[in-house]
Amino acid sequence: MASLWGVRHNNLFYPRNLTSKGEYGQYDLTSKLYIFMKRLGQDYNRVMLMDAEERDMIFEMEMKLIEEEKKDGDKLKNKN
C-alpha cells in the first residue's frame, strides 16, 4: 500500500505530518524553527543541533503555552 501511495504521489516516504504522533504532529520543521527563533530567541544552528525528541517536547510545551495565552486573551477581550 505504501508503495502504491508513493507512486501515485511521486514520493518515496509518507509526509512527516501524516506519520507524526502527538497533538502537534502536523507542524513541519520550518514551523517549529520559526517558533523557536521568534518566541524563544534561539538561533537556527542551536535548534538544528538539538535532539529531535527534545526539540519536539519543547515545541509542544511552547504550543501549549501559546494556546493558554490565547485563551487568557480571549477571556480578557470578552470581559471588556
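Residues numbered from 1 in each chain as written. Predicted model: local features only at pLDDT ≥ 70, side-chain atom pairs only at ≥ 80, totals over all residues. Heavy atoms only, no water.

### Here we look at helix H3 (residues 29–39)
Part 1: All of the buried residues in H3 are Lys 32, Leu 33, Ile 35 and Phe 36. All buried residues of H3 fall inside an arc of 160° around its axis, so they share one side. With respect to the buried face of H3, the exposed residues turned more than 90 degrees away are Thr 30, Tyr 34 and Lys 38.
Part 2: Within two residues after H3, Gly 41 carries a phi angle of roughly 70°, on the positive side. (Buried < 20%, exposed > 50% of the residue type's maximum accessible area, 1.4 Å probe, protein only. Helix = DSSP H or I, 4+ residues; strand = E, 2+ residues; numbered from the N terminus. Arc of directions from axis to C-beta.)

### Some points on the nonpolar core
Part 1: One finds Tyr 24, Leu 33, Ile 35, Phe 36, Val 47, Met 50, Phe 59 and Met 63 forming the largest nonpolar core, which totals 8 residues.
Part 2: Within the residue set of this core, elements represented by two or more residues are H3 and helix H5 (52–79).
Part 3: By residue number, the principal contributor to this core is H3, which donates 3 residues.
Part 4: With residues near it in sequence (within four places) discarded, Met 50 still touches Phe 36, Arg 55 and Ile 58. (Core = buried A, V, L, I, M, F, W, Y, C linked by side-chain atoms within 4.5 Å. Contact = heavy atoms within 4.5 Å.)

Structural measurements only, silent on function.
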